[in-house]
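Structure assessment
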Amino acid sequence: MKELLRTNDPTVIAFAKALLDGEGIDVFELDVNMSILDGSLGILPRRLMVADRDHFMAVATMRDNGIDLGQ
């Protein structure tokens, strides 16, 4: 698994997951429980992970749709 995206913005997470689902790329969200524990202050970012074999296509999908990966 490789990290694709790390953000505090839940709308970016939802958009990215929808895009990847549309492309048939499985995505796993990490740190969901930690972000809930911070009291929804948005201090702790959530991460989206994809399989190594899907990483290249996932990066291309994010960039094609204007999501900044910060890489």
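Because the structure is predicted, anything quoted here is derived from the model rather than measured.

Let's shift gears to the overall build of the chain. Counting secondary structure elements, the chain contains 3 helices and 3 strands. When the helices and strands of the chain are read in sequence order from the N terminus, they spell out β-α-β-α-β-α. A total of 71 residues make up the chain; the buried ones form 32% of that total. Long-range pairs, those at least 24 residues apart, make up 65% of the contacts in the chain between residues at least 6 apart in sequence. Total accessible area on the chain stands at roughly 4,600 Å², and carbon and sulfur atoms take up 54% of it.

Bringing the side chain of E29 into the picture now. Examined against the element boundaries, E29 turns out to sit in strand β2 (residues 27–30). Within the structure, E29 has its side chain in polar contact with the side chain of K17 (distance 2.9 Å).

Note that predicted coordinates carrying low pLDDT should not be read in detail. Scored by pLDDT, the chain comes out at a mean of 87, with 86% of its residues at no less than 70. Across the chain, helix α3 (residues 55–64) holds the top mean pLDDT of 95, while helix α2 (residues 32–37) sits lowest at 66.

One finds L4, L5, L20, M62, I67 and L69 to be the most contacted residues of the largest nonpolar core, which totals 14 residues. When contributions to this core are tallied by element, the ones reaching two or more residues are β1 (2–7), α1 (10–22), β3 (46–50) and α3. It is α1 that provides the largest number of residues to this core, a total of 4 residues. Contact partners of L69, with chain neighbours within four places excluded, come to L4, L5, V59 and M62.

This part covers the packing of α1 against α3. α3 packs onto α1 with a crossing angle of 125° between their chain directions and a minimal axis gap of 10 Å. With respect to α3, the element α1 is oriented oblique. You can see that α1 and α3 cross each other, and the crossing is right-handed. On the side of α1, the interface is formed by A16, L19 and L20, while α3 contributes A58, T61 and M62. Of the residues that constitute the contact of α1 with α3, the class distribution is 5 nonpolar, 1 polar and no charged.

Rules used in this analysis
Residues numbered from 1 in each chain as written. Predicted model: local features only at pLDDT ≥ 70, side-chain atom pairs only at ≥ 80, totals over all residues. Heavy atoms only, no water. Helix = DSSP H or I, 4+ residues; strand = E, 2+ residues; numbered from the N terminus. Buried < 20%, exposed > 50% of the residue type's maximum accessible area, 1.4 Å probe, protein only. Contact = heavy atoms within 4.5 Å. Areas by Shrake-Rupley, 256 points an atom, 1.4 Å probe, with all protein chains shown as cover. Polar contact = N/O pair within 3.5 Å; in protein donor to acceptor, adjacent residues only side chain to side chain. pLDDT = per-residue confidence, 0-100. Core = buried A, V, L, I, M, F, W, Y, C linked by side-chain atoms within 4.5 Å. Axes fitted to C-alpha atoms, helices over the stretch in contact; angles between N-to-C directions. Parallel < 35°, antiparallel > 145°, perpendicular 65-115°, else oblique. Left-handed = near helix turned anticlockwise from the far one by under 90°. Nonpolar A, V, L, I, M, F, W, Y, C, P; charged D, E, K, R; others polar.

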